[in-house]
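Here is how the chains run, residue by residue.
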Amino acid sequence: MEIKDLLVQGRVIWKEKLNLSQIIVRLGKVFGDLCRWERDAVKDKDKHTDDDLKKELGNVIFSTIRWCDDLGYDSEECINLAIKCQKEFKK
């Protein structure tokens, strides 16, 4: 599936565009869910399945594509900039 297709699907689900402050709050929620995985408290162990972790990582990917668009950015351009930066950082 292409990134543009994912954006279309995201817009079917979420029509409202968010501003940066709203995006940060939502990203913080997903980040917190991932942190709970690392903390691995007894109360969370039943929820910690591979499918749940895949879902949380998918939330980051799927939502970020939409958030780029919310801010007026092309997701593919953002990804290419990140790839370039990570390659330079590794050097």
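Structural data are supplied above this passage.
Regarding the packing of helix H2 (residues 20-39) against helix H3 (residues 50-70)
And then number 1: For the pair H2 and H3, interaxial distance at closest approach is 10 Å and the crossing angle is 165°. It follows that H2 is roughly antiparallel to H3 by the angle criterion. For the pair H2 and H3, the sense of crossing is left-handed. Across the interface between the two elements, Ile-23, Arg-26, Leu-27, Val-30, Asp-33, Leu-34 and Trp-37 from H2 touch Asp-52, Leu-53, Glu-56, Leu-57, Asn-59, Val-60, Trp-67 and Asp-70 from H3.
And then number 2: Residues belonging to the contact of H2 with H3 are distributed by class as follows: nine nonpolar, one polar and five charged.

Side note on the environment of Asn-19
And then number 1: Along the chain, Asn-19 falls in the loop between helix H1 (3-13) and H2.
And then number 2: By relative accessible area, which is 39% here, Asn-19 ends up partly exposed.
And then number 3: As for Asn-19 and Lys-91, which are separated by 72 residues in sequence, their C-alpha atoms are 34 Å apart.

Things to note about the state of the cysteines
And then number 1: The tally for this structure, following the rule as stated, stands at zero disulfides.
And then number 2: Cys-78 takes part in no disulfide bond, and the closest cysteine sulfur to it belongs to Cys-68, at a distance of 3.8 Å.
And then number 3: The thiol of Cys-85 is unpaired, and the distance to the nearest cysteine sulfur, on Cys-78, comes to 13 Å.

Focus: a negative patch on the surface
And then number 1: On the surface, Glu-2, Asp-5, Asp-74, Glu-76 and Glu-77 cluster together into a negatively charged patch.
And then number 2: Here Glu-76 is to be found in helix H4 (residues 75-90).
And then number 3: Residue Glu-76 is classed as partly exposed on the basis of its relative accessible area of 33%.

Overview of the pattern of salt bridges
And then number 1: Scanning the model with the defined rule gives eight salt bridges in all.
And then number 2: Salt-bridge contacts for Asp-51 lead to Lys-54; the nearest nitrogen and oxygen are separated by 3.4 Å. Residue Asp-51 and its partner Lys-54 are both found in helix H3; the two are separated by three residues, about one turn of the helix. Of the two residues, Asp-51 and Lys-54, neither departs from the other in class, the shared state being exposed.
And then number 3: Where Asp-52 meets Lys-55, a salt bridge forms, and the shortest distance between an N and an O atom there is 3.2 Å. Of the two residues, Asp-52 and Lys-55 both sit in helix H3, three residues apart, roughly one turn of that helix.
And then number 4: When salt bridges that share partners are traced, they join Arg-11, Lys-17, Asp-69 and Asp-70 into one network.

Calculation rules
Residues numbered from 1 in each chain as written. Predicted model: local features only at pLDDT ≥ 70, side-chain atom pairs only at ≥ 80, totals over all residues. Heavy atoms only, no water. Axes fitted to C-alpha atoms, helices over the stretch in contact; angles between N-to-C directions. Helix = DSSP H or I, 4+ residues; strand = E, 2+ residues; numbered from the N terminus. Parallel < 35°, antiparallel > 145°, perpendicular 65-115°, else oblique. Left-handed = near helix turned anticlockwise from the far one by under 90°. Contact = heavy atoms within 4.5 Å. Nonpolar A, V, L, I, M, F, W, Y, C, P; charged D, E, K, R; others polar. Buried < 20%, exposed > 50% of the residue type's maximum accessible area, 1.4 Å probe, protein only. Disulfide = S-S within 2.5 Å. Patch = residues over 30% accessible without salt bridge, like charges linked within 9 Å, V, L, I, M, F, W, Y side chains within 5 Å. Areas by Shrake-Rupley, 256 points an atom, 1.4 Å probe, with all protein chains shown as cover. Salt bridge = Lys/Arg side-chain N within 4 Å of Asp/Glu carboxyl O. Lys, Arg positive; Asp, Glu negative; His and termini not counted. Charge placed at Lys NZ, Arg CZ, Asp CG, Glu CD.

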